[in-house]
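Examination of the molecular architecture
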Amino acid sequence: MLSPPPRIVSAPRKMLHFSHMQESLSPLAWRKAATLGVPALSKALAVEPEQGLSPAVAAARLVSHGQNAIPTAHRSAGAIMRRQFESPFIWLLIAASGIAFATGEPVDASMIALFTLINTTLGFTQEYRAERAVQSLLTLWEDKCHVRRGGTVQRIPTKDIVPGDIVRLQAGDRIPADVRFLSARDLTVNESVLTGESLDVTKVAEPQQKEPAEYSDAGNMGFFGTSVLTGEADAMVIATGVHASLGEIATLTQSAKTESSFEKEIASFSGFILKTVIVTLAFMFAINVGIKGLGRVQELLLFSIALTVGVIPEALPVVATMALSRGAQRMAARKVVVKRLSAINDLGSIDVLCTDKTGTITENRMNVADVRATDADACLRYATLASSFIGETGKQQNNAFDLALWQHASPALRAEAKAVKKIAEVPFDPVHRVNAVLVQDGERVAILRGSTEEVLKRCARPDDELAIGRWVAERGLTGNRVIAVACKASEGEKTLHDANGYRFMGLVSFHDPIKRDSMAAVKKARELGVRIKILTGDSRETAGAVAAQLHLIADPTKTITGAEFDALDALGQHAALDEYAVFARMNPVQKFTVLQLLKEKNVVGFLGEGFNDAPGLKIAHVGLAVDSASDISREAADVILLGKGLGVIFDGIEEGRRTFANTIKYLRITLASNFGNFYSVAIASFFIPFLPMLPLQILLLNLLTDLPMITIAADTAGSDELQSPSKYDARQIIFMATILGIVSSAFDFATFAIFVRFGAGELQSTWFTVSALTEIALFYSLRTVHPFWRATRPPWSIMLLTGLAAFASIALPFTAFGQQVFHFVRPLPRYALIGTALVAGYFVATETVKLWLTRGPATRAAALVVVPGNGRKG
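A brief report on the enclosed structure follows.

What counts and what doesn't
- Residues numbered from 1 in each chain as written.
- Predicted model: local features only at pLDDT ≥ 70, side-chain atom pairs only at ≥ 80, totals over all residues.
- Heavy atoms only, no water.
- Phe/Tyr/Trp six-rings, centres within 6.5 Å; stacked < 30°, edge-to-face > 60°.
- Helix = DSSP H or I, 4+ residues; strand = E, 2+ residues; numbered from the N terminus.
- Buried < 20%, exposed > 50% of the residue type's maximum accessible area, 1.4 Å probe, protein only.
- Pairing = 2+ DSSP bridges.
- Axes fitted to C-alpha atoms, helices over the stretch in contact; angles between N-to-C directions.
- Contact = heavy atoms within 4.5 Å.
- Patch = residues over 30% accessible without salt bridge, like charges linked within 9 Å, V, L, I, M, F, W, Y side chains within 5 Å.
- Areas by Shrake-Rupley, 256 points an atom, 1.4 Å probe, with all protein chains shown as cover.
- Salt bridge = Lys/Arg side-chain N within 4 Å of Asp/Glu carboxyl O.

A word on the packing of aromatic side chains. Counted by the stated rule, this structure contains 17 aromatic pairs. Centroid distance Phe565 to Phe583: 5.9 Å. Interplanar angle 80°. Geometry classified as edge-to-face. Taken as a pair, Phe565 in helix H21 (residues 562–566) and Phe583 in strand E18 (residues 582–584) lie far apart in primary sequence, 18 residues in all. Of the two residues, Phe565 and Phe583, neither departs from the other in class, the shared state being buried.

As structure tokens, this is what we get:
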């Protein structure tokens, strides 16, 4: 038998007295609440439904339970500034500045301090701007809702709702807390932001026989943030704030701590450099004291400053910030907004992208796919007439099936449907999985629509029942959803509830179409070396079929559900991550677990939009959300997509790799040059009675050569640098710097050998110019792994600045300013000829070593370039 329309259920009129329970009252778990009848529910929450809470009791509960809001984490400006001093480079520069000041070199100390100030200011500005967006979560709680208190219905702020409040809901309302429905009339709710399920859900008021396992199983519960599509209801609030479903998810989101992959790698790299500098300085200092005695300690301290400043890539934060800012601007032009700049580099390192299905891969709208019926037009006509909006003026299509049928209908059928009078209706309910409508269609006709199995039970068995079953199964494997349609002549509403006598009309198949760009995006993902995994709350059949259509999997049944994943032990779960690309019926905690496990061996991106996705967005290396996502998801995300779809994500990944390639160029070039100078000066100190270059001259050299390096963010990147995920690997970069540093040192020693006999001023001035020109030459060699003449032409900005740096390094020793401030000596003409020969020889040697490393064994190639995929965790 068809069940009658849900009746309004209320508690007995006898007044309930629960004042003694107020102090110990706790929020009611939603699973337990789903099984309770109204009397037991009222007793548990100490409220009389027809009266609601009294103002005094509500006020007391607001004090004890707190506002219906979620506290958000907030970092102060001071905390953000303190974070800038966590870099070892910063402390090394601060120490060098202090030593310079203490030894009577205020100019050196001031210049070092200036570099430190620039770096910390840039970092602080970037993070502080991002932090200002954190409080946007509070806008979730600024609306109002209708609540029955003291026997009257009032409109109060959502944040003032407490457990036990009776709220009144109607179409268009957002459910303000976790509630248990006390009455429900034609009530449908969109829960896609919570469950990921694309279909709307019909809600009822009757208690359930057993506790639901998932949100989607709770047919008499409403959850915060979901929205009422049709009908009306009275509901009792069972949990608010941090105790509600959204509160639990938000708390999990806030507790999720993840460090940027980019930040971790830079920290590792900085630590390695710091250890190298300290060990070398300690060794050099001890040897020099042993050889030259304690009488020259002050000179050795100045010497240590020169070495420290010479090896530190102090412009790295500036270069990285400029590269990331440029990348952010380019991505904004592609409708991708970056909230956290370092997420751009993380995007380039992604090797696994996890995404929901609904609204991202598919359109999140149903279309009529095909019809199986003797008379297809009649089947579609009756299916359309069974829509709940038929005959009600101004009422719109209220669920995905109705909307699809209406859009598929011809103008003539639409006009006819609007003219049909609806006499009675039994709404769809999740137990019987059918709905019935009695219409005046010339004669009175009862139309039945719903699950194929349930509809066939109410019809005379068709001759082709087996063929019908095969047809439905085939559509299920393609991800389509099927409804069956039947009808019968009827004299009145009583026959509507009579389950017998229906005539089977046929089947209608619906599908949620895949977005146009999804197939191209999956293809591009393969080209970029990124694996896609679908984490969805939708059914395994639908998710598997979509994945198969996209060629993510060959077998649409090759899926795993959240419950099956939970049942595995730790080894089984790790194996499942490698084996499956589709995870269906996933709740927020299960998604969170999958992302945590994936992060152990991969750089993970996660695309989500519902508030149930917020914890996953927070813990992923890169969280991505569309601009229409829930507020909490947009808050948790690192990147906001102004258009739904996967295509823009892979554009962003490509941009991230371009930014990475340009940042790594700076490290390759600067460290190769700096390490060469570092070891040259350290070794020369044992044999030369004066410093080969003064600390102030080294600072000037770094300034001149770093200036064009800063513009490297605008450099081009070859296609081979964009093909696969790349990551910083300190050991590879240092190994490359050491090999090329040896080449640099060889030419440094040649310079020392030639010019040491001419005196300190001549050696320092000539080596300054030669060092600047060789570093510029090194830039044009190492900006490509190919021979330099095959490289793409650098932008005009880079050629201009490298030209200016070269000119300044040659001209300064000839000027009075350079001689007075930086202690240069005017070089003789023959020195320029020797210096030119040294620079030319260095460039040829560097090109030769580069090509040897590139064309040799893979280990040598990896030393020169961070080969795509090298350095991946695990």
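Moving on, we get to the sheet that holds strand E15 (residues 503–511). Pairing is antiparallel across the open sheet formed by 6 strands, whose spatial order is E10-E15-E14-E13-E12-E11. Edge positions in the sheet fall to strand E10 (367–372) and strand E11 (421–426), since each has one partner strand and no second. Here the average twist between neighbouring strands, direction ignored, is 25°. Two elements, strand E14 (residues 481–489) and E15, share 7 bridges in a ladder whose sense is antiparallel. Within E15, the position partnered with Val482 by the bridge is Ser509. Across the face of the sheet, helix H14 (residues 400–408) comes into contact with E10, strand E13 (443–450), E14 and E15 while running at roughly 80° to E10.

Hydrogen bonds along the backbone pair up the strands of a sheet, which may run parallel or antiparallel. Read from one edge of the open sheet, 8 strands run E8-E21-E20-E19-E9-E16-E18-E17, paired in mixed fashion. Since the sheet does not close on itself, it has two edges, and those belong to strand E8 (336–338) and strand E17 (560–561), each with one partner. Direction of pairing for strand E9 (residues 352–355) relative to strand E19 (residues 604–608): parallel, over a ladder of 4 bridges. Looking at the pairing, Cys354 lines up with Phe606 of E19. Most of the contacts of helix H12 (residues 342–349) go to strand E20 (residues 622–626), to which it runs at about 100°, and overall it touches E8, E20 and strand E21 (639–641).

The next thing to look at is a nonpolar patch on the surface. There is a patch of nonpolar side chains on the surface, built from Ile683, Phe687 and Phe749 and spanning about 310 Å² of accessible area. Note on placement: Ile683 falls in helix H26 (residues 647–684).

Taken by themselves, the reported measurements are silent on function.
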